[in-house]
Amino acid sequence: MEENAKKILLIVVAVACIAAAGIITYKTMGGGTTAAGQPTGKVWVKCNNPKCGHEYEISAKEYTDFMMSNGGPRQFMMSGAVPMKCPKCNEDSVFKAMKCEKCGKVFFPGTVEGKAEDTCPGCGYSPSTAPAKKT
Ligand SMILES: [Zn+2]
Ligand SMILES: [Zn+2]
C-alpha cells in the first residue's frame, strides 16, 4: 500500500515536472508569437481638405484593417490610397502621412517636387537621403 502511494507520488511529480517544462517552453517559445505578423506601432494620417488639415495618429493595425476592407494593398497600388473619413470635417479626405522627425511637421509623401518622397516640406529633411546617423 505504501509502495503504491510512493509510485503515485513519483508519477505526480514527474507529470508536474513535464507540465512545468511545457509551460516554460511554451512561454519562451511563444513569447511574441501573438504579435508576429501583426503590424505594430502607429501611422500618421492627415486630412487633405485644405479647410481642415486635421492630422492625427492611428495604430498601424487600424490602418491595415481599413486598407484590407477596401480592396487590400493591390487596390492601393492600382488606384492609390482610399481616403478615410475625417473625424473633424467628416469628408473622405484622410490619407496616410509622414511625420518629420526633425521639425515634427505632418505631411504627405512626395510633397516636395524633385526630392525624395519622404522629404519634409517644412525643413527639407529626408530620412532616406540624410547622411547616416552618427553612433
Ligand atoms: Zn478634415
Ligand atoms: Zn521637417
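What comes next concerns the included structure. (Residues numbered from 1 in each chain as written. Chains lettered and ligands numbered in written order. Predicted model: local features only at pLDDT ≥ 70, side-chain atom pairs only at ≥ 80, totals over all residues. Heavy atoms only, no water.)

### A few points about the overall build of the chain
- Counting secondary structure elements, the chain contains three helices and five strands.
- Walking the chain from its N terminus toward its C terminus, one meets helices and strands in the order α-β-β-α-α-β-β-β.
- Residue burial in the chain is summarised as follows: out of 135 residues, 20% are buried.
- Pairs at least 24 apart in sequence give 32% of the contacts found in the chain among residues at least 6 apart.
- Accessible area for the chain stands at about 10,000 Å²; split by element, carbon and sulfur atoms hold 59% of it. (Helix = DSSP H or I, 4+ residues; strand = E, 2+ residues; numbered from the N terminus. Buried < 20%, exposed > 50% of the residue type's maximum accessible area, 1.4 Å probe, protein only. Contact = heavy atoms within 4.5 Å. Areas by Shrake-Rupley, 256 points an atom, 1.4 Å probe, with all protein chains shown as cover.)

### Some remarks on the coordination of the zinc ion (ligand 1)
- Within the protein, the atoms that donate to the zinc ion (ligand 1) are Cys47 (SG), Cys52 (SG), Cys86 (SG) and Cys89 (SG), at distances of 2.2 to 2.3 Å.
- Linear spacing of the donor residues for the zinc ion (ligand 1) on their chain is C-x4-C-x33-C-x2-C. With a gap of 42 residues between them, Cys47 in strand 1 (residues 42-47) and Cys89 in the loop between strand 3 (84-85) and strand 4 (92-99) connect regions that are remote in the sequence.
- Cys47 sits in the buried class, given a relative accessible area of 2%. (Donors = N, O, S within 2.8 Å, 3.2 Å for Na, K, Ca; no water.)

### Side note on the nonpolar core
- In this structure, Val45, Ile58, Tyr63, Met84 and Val94 are the most contacted members of the largest nonpolar core, which totals 13 residues.
- For this core, the secondary structure elements donating two or more residues are strand 1, strand 2 (55-59) and helix 2 (60-68).
- The element best represented in this core is helix 2, accounting for four residues.
- Leave out the neighbours within four places in its chain, and Val94 touches Val45, Lys46, Cys47, Tyr56, Val82, Pro83, Met84, Lys85 and Cys86. (Core = buried A, V, L, I, M, F, W, Y, C linked by side-chain atoms within 4.5 Å.)

### A look at the pattern of salt bridges
- Evaluated as defined, the whole model comprises three salt bridges.
- Between Asp65 and Lys61 there is a salt bridge, and its shortest N-O distance comes to 2.9 Å. Here Asp65 and its partner Lys61 are both found in helix 2, four residues apart, which amounts to about one turn of the helix.
- The exposure class assigned to Asp65 is partly exposed, which follows from its relative accessible area of 40%. (Salt bridge = Lys/Arg side-chain N within 4 Å of Asp/Glu carboxyl O.)

### Quick word on the environment of Pro109
- Note on placement: Pro109 falls in the segment after strand 5 (106-107).
- Note on Pro109: relative accessible area 33%, which makes it partly exposed.
- Considering only alpha carbons, one finds Pro109 and Ala97, twelve residues apart in sequence, at a separation of 6.5 Å.
- The residues touching Pro109, leaving out its near neighbours within four places in the chain, are Lys96, Ala97, Met98 and Glu117.

### Topic: the coordination of the zinc ion (ligand 2)
- Taken together, Cys100 (SG), Cys103 (SG), Cys120 (SG) and Cys123 (SG) make up the protein donors of the zinc ion (ligand 2), found 2.3 Å from the metal.
- Each of the four donor atoms around the zinc ion (ligand 2) contributes to a set of angles spanning 105 to 115 degrees, which defines the coordination as tetrahedral.
- Sequence spacing among the residues donating to the zinc ion (ligand 2) works out to C-x2-C-x16-C-x2-C.
- The exposure class of Cys123 is partly exposed, given its relative accessible area of 42%. (Tetrahedral: all angles 85-135°; square planar, octahedral: opposite > 155°, others 65-115°.)

### Here's the deal with unusual backbone geometry
- We note that Asn90 has phi near 70 degrees; this positive angle belongs to a residue other than glycine.
- Relative to the elements of secondary structure, Asn90 occurs in the loop between strand 3 and strand 4.
- Judged by its relative accessible area of 53%, Asn90 falls in the exposed class.

The values are spatial; any link to function lies outside them.
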